[in-house]
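Here is how the chains run, residue by residue.
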Amino acid sequence: FPGLADVSISQDIPVEGEITVPVESHSPDEDYPTLDEPVKDTIMRDLKAVGKKFVHVMYPRKSSALLRDWDLWGPLMLCVSLALMLQGGSADSRDDGGPQFAEVFVIIWFGAVVITLNSKLLGGTISFFQSLCVLGYCVMPLTVAMLVCRLVLLAGAGTISFIIRLIVVGAMFTWSTLASTAFLVDSQPPNRKALVVYPIFLFYFVISWMILTFTPQ
Amino acid sequence: MATADDLKFQEFDDAANLLAANPDATTISIDEPVEIPKNQHSRLQETGREEDDELLGTDDSDKTELLAGQKKSAPFWTFEYYQTFFDVDTYQVLDRIKGSVFPVPGKNFVRLYIRSNPDLYGPFWICATLVFTIAVSGNLSNFFIHLGKPTYHYVPEFRKVSIAATTIYAYAWLVPLALWGFLMWRNSKVMNIVSYSFLEIVCVYGYSLFIYIPTAILWIIPQKVVRWVLMVFSLCLSGSVLVMTFWPAVRDDNRRIAVATVATILLLHALLAVGCLAYFFDAPELDISAPVIPAPIIPAHNGTTVITKSH
């Protein structure tokens, strides 16, 4: 090669270095470490994720945790505890009593699925499970309301306790609806936001009604 | 569907670039295909472009007719097919509800409001709201009626929700199915000018049920006269919407069949209202006779139990 005859690498320019690829540490989804870790760590990690989402529901603001890293453990725990607390109502053997455990379960999950389908059919861009996750987590204020109602009913079942329960359930219903609307409404087309918010309002209204009309034996 | 739209959109971009590059070569062929994809793009994808929505809102009669045939072209197993049934904006749903509550004499609800864009949002959520409104109002009204009595213990009566749901959804979906089948059968015998698709009939029935929602709330008032006045009023309003919709569809037919059809529609509608009132709302008793009635019953009750025990 004639042109390269006088090209030489001078000795005083060191050509050296390191070729390293920085190892990106992803979120802990690598198979190696999580397989060997103690069970307590696994459970605590999931519980912390669920707890973080609870905090995001309590103070609703833009949260990618609730939307991006969705999980359905939190909604399941809330649904089961709400359904359990709604048991033991009056007239549970006749047809006129409150909702059974299975009925509460079906209403919450079937209602959430129908609302998600509705928002997707209207042109929403949120994914199916993200929407289920948000709707399920926003049941949390109502579960707290149910707890408070049961405690108030332990003290008595008169008019004053009814007024307290009404105020608590009303406040929690407003909180639930506003929280879930804050998360879900941005992904909807702008002319249809009211069409998406109304079923959410109806959903939490039905759950609030079930909580408010709970009467112990 | 998305790939077809992407192609059209890219053509628009390429045409613009080509136009900028060769102004004299391709001007003529570009103008036509630009406009139609623009309307289709805004119609089929709900991106919320304000100017396109306004264009379709004010000048929508011929454009919706043009695009109606192109709307439901997705195969029925895709999600996009069902999205075409929810292609309504908030103001359209509110207009349709307003049209069902204030019927304009002589104007057809379907032609005026639905205009080849039937939606399933209205019927489904109006029925859901009606189910829960009737159940909750019935429960509240029973609570207020029986409030003073010492033997009364409040029960939430949750079973009635499932009964209400079955009744109302069956009415709102099976009756339109039967009516549609009947109209199709008559259309094969007598050439009618006006014919409706199944979804349009479901739409009319769904929106006509809206008036019952405030009626059910007002039925909490425990006065028989008030309840019956409300019932007749709401029956007149929603019945007139149904009559004005379906009379043009049957009036070319045999006179007796036309009248019988419209009468059946009204009868079923009235039956629904009366049945809901009777089942979910207890009869309001007069306050005067309430403390008096239990007294004479008790000795008779004891008498009957003695008699039965001896058998």
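Cut-offs applied
- Residues numbered from 1 in each chain as written.
- Chains lettered and ligands numbered in written order.
- Predicted model: local features only at pLDDT ≥ 70, side-chain atom pairs only at ≥ 80, totals over all residues.
- Heavy atoms only, no water.
- Helix = DSSP H or I, 4+ residues; strand = E, 2+ residues; numbered from the N terminus.
- Buried < 20%, exposed > 50% of the residue type's maximum accessible area, 1.4 Å probe, protein only.
- Contact = heavy atoms within 4.5 Å.
- Areas by Shrake-Rupley, 256 points an atom, 1.4 Å probe, with all protein chains shown as cover.
- UniProt positions renumbered as here; feature names shortened; annotations may be inferred.
- Buried area = accessible area lost by both parts, 1.4 Å probe.
- Salt bridge = Lys/Arg side-chain N within 4 Å of Asp/Glu carboxyl O.
- Polar contact = N/O pair within 3.5 Å; in protein donor to acceptor, adjacent residues only side chain to side chain.
- Phe/Tyr/Trp six-rings, centres within 6.5 Å; stacked < 30°, edge-to-face > 60°.
- Lys NZ or Arg CZ within 6 Å of the ring centre and 35° of its normal.
- Core = buried A, V, L, I, M, F, W, Y, C linked by side-chain atoms within 4.5 Å.
- Disulfide = S-S within 2.5 Å.
- Axes fitted to C-alpha atoms, helices over the stretch in contact; angles between N-to-C directions.
- Parallel < 35°, antiparallel > 145°, perpendicular 65-115°, else oblique.
- Nonpolar A, V, L, I, M, F, W, Y, C, P; charged D, E, K, R; others polar.
- Left-handed = near helix turned anticlockwise from the far one by under 90°.

### Examining the overall build of chain B
Looking only at helices and strands, chain B features 14 helices and zero strands. Secondary structure of chain B in N-to-C order comes out as α-α-α-α-α-α-α-α-α-α-α-α-α-α. Residue burial in chain B is summarised as follows: out of 311 residues, 41% are buried. In chain B, once contacts between residues fewer than 6 apart in sequence are set aside, the share between residues at least 24 apart is 75%. A total of about 17100 Å² of accessible surface is found on chain B, and carbon and sulfur atoms cover 68% of it.

### Regarding the UniProt feature "transmembrane region" (unreviewed entry) in chain B
The sites that UniProt annotates as "transmembrane region" (unreviewed entry) are residues 120-141, 161-185, 197-222, 228-250 and 257-281 of chain B. Annotation note: span residues 257-281 of chain B, helix share 96%, strand share 0%, distance between end C-alpha atoms 35 Å.

### Digging into the UniProt feature "transmembrane region" (unreviewed entry) in chain A
Residue and element names in this part refer to chain A. As annotated by UniProt and renumbered to match this structure, "transmembrane region" (unreviewed entry) occupies residues 70-89, 101-122, 134-156, 162-184 and 196-215. Taken end to end, residues 101-122 is 95% helix and 0% strand, and its two terminal C-alpha atoms sit 32 Å from one another. For the annotated span residues 162-184, helix accounts for 100% and strand for 0% of the residues, and the straight-line distance between the end C-alpha atoms is 32 Å.

### Quick notes on the interface of chain B and chain A
Across the contact, 29 residues belong to chain B and 33 residues belong to chain A. Each partner contributes to the roughly 2900 Å² buried at the junction of chain B and chain A, and carbon and sulfur atoms together form 64% of this total. Of all residues in chain B, the largest losses of buried area upon contact with chain A belong to B:Trp125, B:Phe158 and B:Arg159, amounting jointly to 23% of the total for that side. At the boundary of chain B and chain A, one finds three salt bridges. Run the count over chain B and chain A and you get 10 residue pairs in polar contact (both at pLDDT 80 or more). Counting residues per element, the ones that place at least two in the side of chain B that touches chain A are helix H3 (50-58), helix H5 (79-83), helix H6 (90-101) and helix H8 (121-145) of chain B. In terms of residue count, H8(B) provides more of the side of chain B that touches chain A than any other element does, nine residues in total.

### Topic: the packing of aromatic side chains
Scanning all chains against the criterion turns up 24 aromatic pairs over all chains. Seen in terms of ring centroids, A:Phe101 and A:Phe105 are 5.7 Å apart; in terms of plane orientation they differ by 25°. Their pairing is stacked. Placement of the pair is A:Phe101 and A:Phe105 together in helix H5 (residues 101-121), with a separation of four residues, close to one helical turn. Since its relative accessible area comes to 31%, A:Phe101 is described here as partly exposed. Their ring planes at 75° and their centres at 5.5 Å tell us that B:Trp219 and B:Phe281 sit as a pair that is edge-to-face. Here B:Trp219 is found in the loop between helix H11 (212-218) and helix H12 (224-250), whereas its partner B:Phe281 is found in the loop between helix H13 (255-280) and helix H14 (294-310), with 62 residues between them in sequence. Across the pair, exposure class does not vary: B:Trp219 and B:Phe281 are buried alike. These aromatic residues form a ring-pair network of at least three members: A:Phe173, A:Tyr198, A:Phe201 and A:Phe205. A cation over a ring is seen here: B:Lys160 above B:Tyr279, with NZ or CZ 5.1 Å from the ring centre. The positively charged end of B:Arg186 is found above the aromatic ring belonging to B:Trp185, 5.2 Å away from the centroid.

### Some points on the nonpolar core
Counting 111 residues, the largest nonpolar core has A:Tyr204, A:Ile207, B:Tyr205, B:Leu209 and B:Phe246 as its most contacted members. It is helix H9 (residues 193-212) of chain A that contributes the most residues to this core, 11 residues altogether. Leaving out residues up to four positions away in the same chain, B:Leu209 has contacts with B:Ile126, B:Cys127, B:Leu130, B:Ile168, B:Tyr171, B:Ala172, B:His269 and B:Leu272.

### Some thoughts on the environment of A:Phe128
Residues and elements named next belong to chain A. Along the chain, Phe128 turns up in helix H6 (residues 128-137). Looking at Phe128, the relative accessible area reads 29%, which means it is partly exposed. C-alpha of Phe128 to C-alpha of Thr116: the two residues are 12 residues apart in sequence and 6.3 Å apart in space. Ignoring sequence-local partners within four residues, the contact set of Phe128 consists of Val113, Thr116 and Lys120.

### Looking at the pattern of salt bridges
Two side chains that carry opposite charge are able to pair once their charged atoms sit near each other. Within the structure shown, the criterion is met by seven salt bridges over all chains. For B:Asp87, the salt bridge goes to A:Arg192, with nearest N and O atoms at 2.9 Å. In this pair, B:Asp87 is assigned in the loop between H5 and H6 and A:Arg192 in the loop between helix H8 (159-184) and H9, connecting two distinct chains. A relative accessible area of 3% means that A:Arg192 is categorised as buried. For the salt bridge of B:Glu157 with B:Lys160, the shortest nitrogen-to-oxygen distance reads 3.6 Å. What makes B:Lys160 buried here is its relative accessible area of 13%. Shared partners join several salt bridges into a network, and the residues in it are A:Arg192, B:Asp87 and B:Asp89.

### A short note on the state of the cysteines
All names here are of chain A. Under the definition given, this model contains zero disulfides over all chains. Between Cys138, a cysteine without a disulfide, and Cys133, which holds the nearest cysteine sulfur, the sulfur-to-sulfur distance is 8.9 Å. What makes Cys138 buried here is its relative accessible area of 0%.

### Structural notes on the packing of H5(A) against H9(A)
Residues and elements named next belong to chain A. Axis separation between H5 and H9 bottoms out at 9 Å; the angle between their running directions is 175°. On the basis of their axis angle, the class for H5 and H9 is roughly antiparallel. Across the interface between the two elements, Val104, Ile107, Ile108, Gly111, Ala112, Ile115, Asn118 and Ser119 from H5 touch Leu195, Val196, Pro199, Ile200, Phe203, Val206, Ile207 and Met210 from H9. In terms of residue class, the contact of H5 with H9 is made up of 13 nonpolar, three polar and no charged.

### Regarding the packing of H5(A) against H8(B)
Direction vectors running N to C along H5(A) and H8(B) enclose 155°, while the axes themselves pass 12 Å from each other. Of the possible angle classes, the one that applies to H5(A) and H8(B) is roughly antiparallel. In terms of crossing hand, the pair formed by H5(A) and H8(B) is left-handed. Seen from H5(A), the contacting residues are A:Val114, A:Ile115 and A:Asn118; seen from H8(B), they are B:Tyr121, B:Phe124 and B:Trp125. Of the residues contributing to the contact of H5(A) with H8(B), the split by class is five nonpolar, one polar and no charged.

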